[in-house]
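Survey of secondary and tertiary structure
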Amino acid sequence: MHRRLLLATLLFAPLVVRAAEFDLTTASIADMQTAMQSGKLTSEKLVQLYLARIEAFDEAGPKINAVLALNPNALETARALDAERKAKGPRSPLHGIPVIAKDVFDTYDMPTTGGYTPLAGVVPEKDSTIVARLRAAGAVILAKVNQSDWYAQPPIMASSTLGGSSLNPFALDRTPGWSSSGTSAGLAAHFGKVGLGSETGFSIRTPTSDGNLYGLSTTSGLISRAGQMWSYITGERGGPMAHSMYDLVVTLDVIAGFDPADLWTAQSLGQMPMERYETFLDPAGLRGARVGVLKEAWDFAPVDPAVLELAEKAIAVFAANGAKVFRPVSLEIDLPAYLTTNSLPSRFERIAAINQYLSRQGPSYPFKNAAELLLDHPGVPGRPNDRAALENPIDLDRDPEYRATLAGKTALREAVVALMDRYEVDALIFPHKLGGPLKIGPRGDPEREYKANQLSPLTGLPAMIVPMGFTPEGLPVGLEILGRPWSEPTLIKLASGYEAVAGPVRRVPATTPALPGERFTY
């Protein structure tokens with residue numbers, strides 16, 4: 001009797017449909033696609049929401065100063081993508097999603113300046129490969145963002161002669177990282193859903209750490225550099241920065257892979273997984289993992305005890321959720337000294353890289369070679385090393401010091417892989433840096449001294465940054481997960497496993513709160 005009554009109750013009870021909640025500052029790309037499929041959100045509306053945030057917080061309010069140029073066609077593009085969605089469905093998970101790009105990536109519809117005053121207003125004739133792939137996937141390139149000046153050397157650290165200093169939304173007197181600073185600040189303030197950074201040395205990883213974000217510096221050769229300003233032929237990397245692992249990985253799926261315009265990517269042939277990178281997202285990704293805590297990562301400066309405490313908590317997350325943590329594992333070298341002695345090959349390759357970038361530009365481009373671009377612009381503080389390299393050209397085929405640097409790069413890469421093999425670990429983990437974002441100011445001041453851990457860029461090994469949380473001062477810091485060559489699937493599994501159990505390590509900056517219209521129920 002009771003069973004029949006229960007069955008009748010279930011059959012005739014009114015269907016309860018739970019409303020979905022949307023919040024621009026916490027929604028993932030998947031959440032945005034769900035809202036757009038429902039008809040409650042459109043790409044046009046999404047662009048409008050982000051433009052409102054840029055107006056409120058970049059141009060006014062705290063004046064984050066991340067954006068160098070807005071895409072004048074963004075709303076028109078979004079409307080066209082909305083119409084296409086209705087007619088054919090979305091092209092990819094990025095369909096209609098606004099993206100911000102560091103101003104080293106060529107865009108045919110916005111200037112590409114590198115933050116360098118002599119390039120103000122200069123619009124390339126064609127997109128970089130990475131931007132073209134994003135557009136083909138249906139993304140809206142919303143803005144070009146500020147950075148450390150690519151060609152000049154302003155007296156203020158991490159600034160550009162064209163855009164000045166971007167501010168860290170979590171601490172307005174601090175930098176949002178070096179080089180890809182505008183991408184860091186713009187994402188932290190929610191001026192776009194995902195962003196593009198680039199890295200010669202530490203310029204994806206440090207801005208990711210300083211911006212409370214997820215970021216990936218891939219194996220060198222996985223992502224094309226064609227149409228990207230660069231300095232490091234044998235190691236420069238572009239890559240995704242995002243608010244979540246899902247957002248990062250669906251972006252990686254679009255931009256990774258071979259490009260005949262950059263034959264360095266031929267190294268990726270046969271190395272990428274047969275499945276999409278998205279399939280390696282795993283909320284239980286720490287279970288059964290084996291990671292080593294790299295001893296030498298604690299030898300850098302500056303050191304904040306609060307960051308060390310956060311690092312211990314982040315490492316404990318791995319052990320508490322099924323990972324085998326081996327500590328310490330050691331290269332048994334003075335790593336900071338090694339990285340100083342055997343610095344990045346970019347110091348030899350920079351002029352050749354600049355000339356290669358200029359060679360793809362159209363006939364109307366104002367500079368034809370590196371000398372014209374770099375030298376003798378009144379009021380623009382040039383880089384002394386660039387002048388020296390132009391006046392004393394390096395023979396990359398036979399220069400003995402360059403060859404020694406390449407040999408040192410190979411030796412360190414082999415040593416790191418051998419260390420992982422010795423302990424049979426999936427990756428090495430360690431705090432990316434031992435202090436929070438640095439205060440903005442003159443680059444030569446002792447309080448802005450930063451000895452970066454350049455292990456990943458020198459070896460070309462992939463590194464993922466995940467947020468560890470905030471110091472008592474409210475400064476964000478990140479954990480680095482370093483893998484073997486082409487181990488992006490493993491890093492994605494580990495990082496997404498960490499993300500699922502790490503707790504509240506991310507937040508919206510108090511300086512850039514939610515605006516009216518960003519939250520709704522549907």
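These figures come from a predicted structure and were not determined experimentally. (Residues numbered from 1 in each chain as written. Predicted model: local features only at pLDDT ≥ 70, side-chain atom pairs only at ≥ 80, totals over all residues. Heavy atoms only, no water.)

Turning our attention to the overall build of the protein. The number of helices and strands found in the protein is 16 helices and 15 strands. In terms of C-alpha radius of gyration, the protein reaches 23 Å, essentially the compact-globule figure of 24 Å for 522 residues. For the protein, with 522 residues in total, the buried portion stands at 58%. Restricting the contact set of the protein to residue pairs at least 6 apart, pairs at least 24 apart contribute 78%. Of the roughly 20500 Å² of accessible surface on the protein, a fraction of 56% belongs to carbon and sulfur atoms. (Helix = DSSP H or I, 4+ residues; strand = E, 2+ residues; numbered from the N terminus. Rg over C-alpha atoms; globule rule 2.2 N^0.38 Å. Buried < 20%, exposed > 50% of the residue type's maximum accessible area, 1.4 Å probe, protein only. Contact = heavy atoms within 4.5 Å. Areas by Shrake-Rupley, 256 points an atom, 1.4 Å probe, with all protein chains shown as cover.)

One recurring pattern in soluble globular proteins: nonpolar side chains tend to sit buried together. In this structure, Tyr151, Met464, Ile481 and Tyr498 are the most contacted members of the largest nonpolar core, which totals 111 residues. For isoleucine 481, the contacting residues outside a window of four places in its chain are Phe318, Ala427, Leu428, Ile429, Pro462, Ala463, Met464, Val466, Leu491, Leu494 and Ala495. Leu339, Leu344, Val417 and Ala463 belong to the second-largest nonpolar core, a separate cluster that totals 22 residues. (Core = buried A, V, L, I, M, F, W, Y, C linked by side-chain atoms within 4.5 Å.)

A few words on helix 16 (residues 488–501). Look at helix 16: 20 Å from first C-alpha to last across 14 residues, which is about the 20 Å you get at 1.5 Å a residue. Of the residues making up helix 16, those classed as buried are Glu488, Pro489, Leu491, Ile492, Leu494, Ala495, Ser496, Gly497 and Tyr498. In the segment just after helix 16, glycine 503 is the residue with positive phi, at about 85 degrees. (Expected span 1.5 Å × (residues − 1).)

Interaxial distance between helix 3 (residues 43–58) and helix 4 (residues 74–88) falls to 7 Å at its minimum, and their mutual angle equals 155 degrees. It follows that helix 3 is roughly antiparallel to helix 4 by the angle criterion. From helix 3, Ser43, Glu44, Val47, Gln48 and Leu51 reach across to helix 4, where they touch Ala74, Leu75, Ala78, Arg79 and Asp82. (Axes fitted to C-alpha atoms, helices over the stretch in contact; angles between N-to-C directions. Parallel < 35°, antiparallel > 145°, perpendicular 65-115°, else oblique.)

This part is about the layout of surface pockets. Of the volumes computed, that of the largest pocket is approximately 1400 Å³. The class makeup of the residues in the lining of the largest pocket is 15 nonpolar, 14 polar and 9 charged. (1 Å grid on protein atoms, 1.4 Å probe; cavity = no way out; pocket = protein on both sides within 12 Å on 5 of 7 lines; lining within 4 Å. Points joined across faces, edges and corners; volume = space filled by probe spheres on them. Nonpolar A, V, L, I, M, F, W, Y, C, P; charged D, E, K, R; others polar.)

So, about the environment of isoleucine 333. Residue placement: isoleucine 333 occurs in the loop between strand 11 (324–329) and helix 10 (335–341). Sequence-wise, isoleucine 333 and lysine 409 are 76 residues apart; in three dimensions their C-alpha atoms are separated by 14 Å.

On to the environment of asparagine 146. Take asparagine 146: it is sitting in the loop between strand 4 (140–145) and strand 5 (159–160). Taking relative accessible area as the criterion, asparagine 146 reaches 0% and is therefore assigned buried. Considered as a pair, asparagine 146 and valine 293 are 147 residues apart in the sequence and their alpha carbons are 34 Å apart. Apart from residues lying up to four places away in sequence, asparagine 146 is in contact with Asn65, Ala66, Leu68, Ser160, Gly163, Gly164, Ser165, Ser166, Ser179, Ser181, Gly182 and Thr183. A distance of 3.0 Å separates the side chain of asparagine 146 from the backbone oxygen of glycine 164, its partner in a polar contact. (Polar contact = N/O pair within 3.5 Å; in protein donor to acceptor, adjacent residues only side chain to side chain.)

Moving on, we get to the side chain of serine 160. Following the sequence through the fold, serine 160 ends up in strand 5. Reaching out from serine 160, the side chain makes a polar contact with the side chain of asparagine 146 at a distance of 2.8 Å. Not counting residues within four places of it along the chain, the set of residues in contact with serine 160 comprises Gly115, Asn146, Gln147, Asp149 and Pro154.

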